Amino acid sequence: MLALVSPALLVILALIVLPVGWLAWQSIYHDGFTLVNYRRVFTEDIYWRSFALTFEISLAVTLIALLLGYPVAYLANTLPKGWSILILSLVVLPFWTSVLVRAYAWLVLLQRSGVINQFLRYLELISEPLALVHNTFGTVVATVHILLPFMVLPLYATMQKIPNDLMQAGASLGASPSLTFVRVFLPLSLPGVLAGCTMVFVLCLGFYITPELLGGGRTVMVSMLVSRNVELYNQFGAASAVAVVLLLSVLAIFFVVSRFISLDRVLGQK
Amino acid sequence: MNTIRNSGLGCTLLGAIALSGTAAYAAEQITFVSQGGAYQQAQTVAILDPSAKKLGITINQDSIPDAWPAIKTQVSSGKPIWDVVDTPTGYCLRGGEQGLIEKLDFSKIPNAAAMPEAYRSPYSVSYEFYSSVLAYSQKTFPKDAPNSWADFWDVKKFPGRRALRNHPIATLEAALMADGVAPDKLYPLDVDRAFKKLDEIKPHITVWWTSGAQSAQLLNDGEVDMEMAWNGRVSAVAKEGAKVAFTYNQGILQSTSLCILKGAPNLATAVKFLNEAVDPVHQANLPLHIDYGPGNPNAFETGVIKPERAAQLPSEPANAAKQALMSYAWWSSPAGEAAEKRWASFMQK
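Conventions we followed
- Residues numbered from 1 in each chain as written.
- Chains lettered and ligands numbered in written order.
- Predicted model: local features only at pLDDT ≥ 70, side-chain atom pairs only at ≥ 80, totals over all residues.
- Heavy atoms only, no water.
- Contact = heavy atoms within 4.5 Å.
- Buried area = accessible area lost by both parts, 1.4 Å probe.
- Salt bridge = Lys/Arg side-chain N within 4 Å of Asp/Glu carboxyl O.
- Polar contact = N/O pair within 3.5 Å; in protein donor to acceptor, adjacent residues only side chain to side chain.
- Helix = DSSP H or I, 4+ residues; strand = E, 2+ residues; numbered from the N terminus.
- Axes fitted to C-alpha atoms, helices over the stretch in contact; angles between N-to-C directions.
- Parallel < 35°, antiparallel > 145°, perpendicular 65-115°, else oblique.
- Left-handed = near helix turned anticlockwise from the far one by under 90°.
- Nonpolar A, V, L, I, M, F, W, Y, C, P; charged D, E, K, R; others polar.

Chemist: Whenever I open this one, the interface of chain A and chain B confuses me. Can you help?
Modeler: It is common to give the size of an interface as the accessible area that goes away when the parts come together. Between chain A and chain B, the residue contacts involve 23 residues of the former and 31 residues of the latter. Buried area between chain A and chain B, summed over both chains or domains, comes out near 2,400 Å², and the portion from carbon and sulfur atoms is 47%. On the chain A side of the contact with chain B, Arg112(A), Leu232(A) and Tyr233(A) bury the most area, a combined 24% of that side's loss. Our count for the contact surface shared by chain A and chain B stands at zero salt bridges. Counting the contacts that link chain A with chain B gives nine residue pairs in polar contact (both at pLDDT 80 or more). The set of elements that each furnish at least two residues to the side of chain A that touches chain B consists of helix H3 (45–78), helix H10 (209–214) and helix H11 (222–231) of chain A.

What follows is the structure, encoded as structure tokens:
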């Protein structure tokens, strides 16, 4: 058994454990042991602001993705097979386009001279172009678009497993369709909700290109802080400390979630 | 400082072809790293290919928009794979102080020794000049266009949307000039005064751009009416038909330099190449292919650059006289580094 898995273990060791260990080491060692990088992360304003903003954006993105994704997953689950395949393909299709391209596409749509502003002006609904991009709004819109499949797919997988008999039983006992949904379907789909939300939230925490391109320079998420620390300030230690704190937050989230549902579910294996 | 020009996959490919196509057993070779895109293509034609031919060496190319983190990792790993890097001058200086860059022996680099002292440092030689200029839309300002940083700051007289680079270098200089400091009296920068002046304009800045491509696109798409941008970026979109223009007045003249990684695998050849790369004739060829000025001012005396072409270039003496020459020495001093760090909190407030 060990002989069989050891190549895999070696790959994990070389590609994950060593780099992460090196990262952690770099954050505490610079000409001797030091906690200065961590002290900075926890005391300096700009780090706090970035972490707060990142969590706010991730929360907003998760909620919007849930509101948009749930009905889609529900439809894909209830409609006849042909339709559900179509819906799921449309959800998954953007996966094959790079995040960078999609971010630029949103720029084309949202900017002042963009499609949306031009259309609104054509309809004479607005006289001045709206500021839809180069701010947090634009960042959230594009991030939701990119992360939506990570919400829809776990939801759909969970809904697929809810036996139809239960719904019929509910109906036969005299409950209206909306009551069966609220009392039977919705609670049974909650593990999918939790799984989808965890995926989207955690992925959003590490977003980089989208806020960089669509945030107008003011939307400084944590990953951008990491890159600036390296590129502008040459502080590899500080960058590593930020990365370690972000990594630990993600692990903490997974730990909390794992108390409620199996992690396999979140990671989409079941 | 990143992406002065598009990071170029094309050039990485060029580099790869050069790597595989050359005799692996060529007597002398170096690996040269630049920033890719149209810029690296231009220097390949103007400088790299002729230098390789003349010296009988092979120049392998690589490209990266921001070489600094890679230099640091390569040298601290003890086995750098690059030899010569074309990078913003400040990194050569800072790298020199941190032991990442070789100190140059100018007796072996006569072409550089003949250049003005302000154009070189113990670790580097100016390779090309570009300028951070005030660029504007000619649609918004068909006449009476903004012509100084004071105009840029004057939101009443010049209403419109504005962009600045999300970086303190050149931005603090512009702020001080807007506040009335003469271009030749900027250094040492009065950092407090600069940030105070920036606070004034901050509410009117729509975008703080991070890449040259982004700055060009902002102006091209009419997303902003005026901005600080690199001259080559503006002239590139102007050539494609965008109604945009810029002024060299109060521009901030900046350079990238050549420097050699500490412990470079082909040190001796790298030094030879460095001398050849700043040869006035090769240097004079560069602006024939791209809108950046030669790092070696002697290029203007070779007769290769026609006067009307010279007039468009940032480092042409008359244009240079209207501008402030960036002091990389100040920016890599403790005060400069402190100003850089202050930028992050300025942006987030």
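Let us keep going from here.
Chemist: What exactly am I supposed to notice about the environment of Ile101(B) here?
Modeler: Residue and element names in this part refer to chain B. Here Ile101 lies in the loop between helix H4 (89–97) and helix H5 (110–113). For the pair Ile101 and Tyr91, spaced 10 residues apart in sequence, the C-alpha to C-alpha distance is 9.3 Å. Leave out the neighbours within four places in its chain, and Ile101 touches Ile71, Cys92, Gly95, Gly96, Tyr123, Cys259, Ile260, Leu261 and Lys262.

Chemist: Teacher, can you tell me more about the packing of H11(A) against helix H12 (residues 236–258) of chain A here?
Modeler: When two helices pack together, you describe them by how their axes are tilted relative to each other and by the distance separating the axes. All names here are of chain A. Contact geometry of H11 with H12 gives a least axis separation of 7 Å together with a crossing angle of 165 degrees. For the element pair H11 / H12, the angle class is roughly antiparallel. Every pair of crossing elements has a handedness; the one defined by H11 and H12 is left-handed. Along the contact surface, H11 presents Val222, Val226, Asn229 and Val230, while H12 presents Phe236, Ala238, Ala239, Val242, Ala243 and Leu246. Split into classes, the residues belonging to the contact of H11 with H12 amount to nine nonpolar, one polar and no charged.

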